[in-house]
Amino acid sequence: MDATLGALRIDGPRMMRRIAELAAIGAIEGGGCARLALTDEDRRGRDLVRAWMLELGLEVRVDAIGNVFGFTRGWRETAPVMTGSHVDTVRTGGRYDGNYGVIAGLEVVQTLRDTGIVPARPFCVAFFTNEEGSRFQPDMLGSLVHAGGLALEEAHAVRDARGASVGDELRRIGYLGDERPGFVVPSAFVELHIEQGPILDAEGIAIGAVEDLQGISWQEIVVTGQSNHAGTTPMRLRRDAGHVAAATASFLHDLAWEMGGAQVCTVGRIELHPNYINVIPARATFTADLRNTDEALLRQAEARLAGFLEAIAARTGTTVEARRLARFEPVAFDRGIADLVEETARGFGLGVRRMTSGAGHDAQMMARICPSGMIFVPSVKGISHNPAEHTEEPDLVAGANVLLRTMLALAAR
Ligand code: HGY
Ligand code: MN
Ligand code: MN
């Protein structure tokens, strides 16, 4: 590698300034962000990133599911190397989840522009709609549609808890773009992201070369029982939807411990109706998030949950309806890209290890249409989806330098 390239580094302080500027939009106590997909805060975050893309001289294109792409010259003639992630957050999000990967991509583009280095292929920096899936399900909605995994009309028709649809909200915030989803297929896709788990931080390793990503199963479960007086109703006469929800949450917790390995189960949302201290709940609506690296074991966990719900409904005189919100099988990333990330990290003298992603990412959808991979940097104490989410600046800078070098190598292939 020639001396110029060897000495090439991103501008860390400039990248940190952009991360702070974006984090100020939808800022919440503790240094995090609340920018739920397609809300006004999300629009303001999108507008800022799009303005940066235009300032960098990128050609900005928006597709019909609101994915935003910033291209360097020549992308129509030669398939670009693409990086990207998301700028929507969970309601109690940190400032790095998704945002870091998009801003590091812009930093890569600016570094090359400032040094006059023109890669062998055009570059593209993208952010995808509704990666988090907090407001609209499934998660990774924009990249799923881009990869052809969900029809645009179906995605536009998805509604949030208040009945607002994705299509109407895209129109309302001005991001119902005119490009057809999937209008560009990159030569390769690589996503830089915080690990959001405890491994790199605990092992003191700077870079994760991500080999695969675990399967995800999301369901919404509605239990219908009967409201009754909390004082006068004997236990034998109750049809207590709240009890079923609580018992299922405990069952899933115990199931994950019993299955062991990579199995995780989470009941993240429970709503009781009518939700008063002295009224036996008539209805409980709750979510079940099951994940495993092994598809057969994930199916086993789903079957155990279905069996448990059937039995407890019969025992309690309640009815139970489960609705699938998201279901993605485990994904293997491109081995060659994982090797390249590992080699690039070592080239910088950084510690690196292969690993699996516990979280879902847009890269798992891009893997359906092109060679894709991910680069992880440590999350302090593994905390994420929490305003306290933190990654040390040297780690953020190291990750962006690995992204720069990896994208150049992919362009040269
Ligand atoms: O749920 C996930 O893994 C991702 O944050 N959407
Ligand atoms: Mn993310
Ligand atoms: Mn997330």
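Residues numbered from 1 in each chain as written. Chains lettered and ligands numbered in written order. Predicted model: local features only at pLDDT ≥ 70, side-chain atom pairs only at ≥ 80, totals over all residues. Heavy atoms only, no water.

To continue, consider the coordination of the manganese ion (ligand 3). Only Asp 97 (OD), Glu 132 (OE), Glu 132 (OE) and His 385 (NE2) from the protein reach the manganese ion (ligand 3) as donors, at distances of 2.2 to 2.5 Å. Motif for the manganese ion (ligand 3), donor spacing along one chain: D-x34-E-x252-H. Separating the manganese ion (ligand 3) from the manganese ion (ligand 2) is a distance of 3.6 Å, and Asp 97 supplies a donor atom to each of them. Residue Asp 97 is found in the loop between strand E5 (81-85) and helix H4 (99-115), and its partner Glu 132 is found in the loop between strand E6 (123-127) and helix H5 (141-146); the two are separated by 35 residues along the sequence. Here Asp 97 matches Glu 132 in class, with each residue buried. (Donors = N, O, S within 2.8 Å, 3.2 Å for Na, K, Ca; no water. Helix = DSSP H or I, 4+ residues; strand = E, 2+ residues; numbered from the N terminus. Buried < 20%, exposed > 50% of the residue type's maximum accessible area, 1.4 Å probe, protein only.)

Within the largest apolar cluster, 77 residues are counted, with the highest numbers of intra-cluster contacts made by Met 15, Val 49, Tyr 100 and Ile 207. A per-element tally of this core places helix H13 (residues 393-412) first, with 10 residues. Built from parts of two domains, this core gets at least three residues from each of domain 1 (3-214 + 330-412) and domain 2 (215-328). Ignoring sequence-local partners within four residues, the contact set of Val 49 consists of Leu 22, Val 87, Val 102, Leu 106 and Phe 127. The next biggest cluster of nonpolar side chains, apart from the first, holds 22 residues, and it includes Phe 71, Ala 126, Leu 200 and Leu 213. (Core = buried A, V, L, I, M, F, W, Y, C linked by side-chain atoms within 4.5 Å. Domains from an automatic or database assignment. Contact = heavy atoms within 4.5 Å.)

Before going further, it helps to spend a moment on the pairing of strand E8 (residues 207-213). Most of E8 is tucked away: 6 of the 7 residues are buried. Summarising the sheet, E8 and strand E17 (residues 352-357) pair through 6 bridges and their orientation is parallel. Each residue of the ladder has a partner; that of Ala 209, found in E17, is Arg 354. Pairing geometry for E8 and strand E18 (residues 372-377), over 3 bridges, is antiparallel. Residue Val 210 lies in a different strand from E18, and its bridge partner there is Met 374. (Pairing = 2+ DSSP bridges.)

Attention now moves to the coordination of the manganese ion (ligand 2). Protein coordination at the manganese ion (ligand 2): the donors are His 86 (NE2), Asp 97 (OD) and His 193 (NE2), at 2.1 to 2.3 Å from the metal. Taken in sequence order, the residues that donate to the manganese ion (ligand 2) follow the motif H-x10-D-x95-H. Judged by its relative accessible area of 5%, Asp 97 falls in the buried class.

With that out of the way, let us pick up the state of the cysteines. The tally for this structure, following the rule as stated, stands at 0 disulfides. Not part of a disulfide, Cys 370 finds its nearest cysteine sulfur in Cys 124, a span of 11 Å. (Disulfide = S-S within 2.5 Å.)

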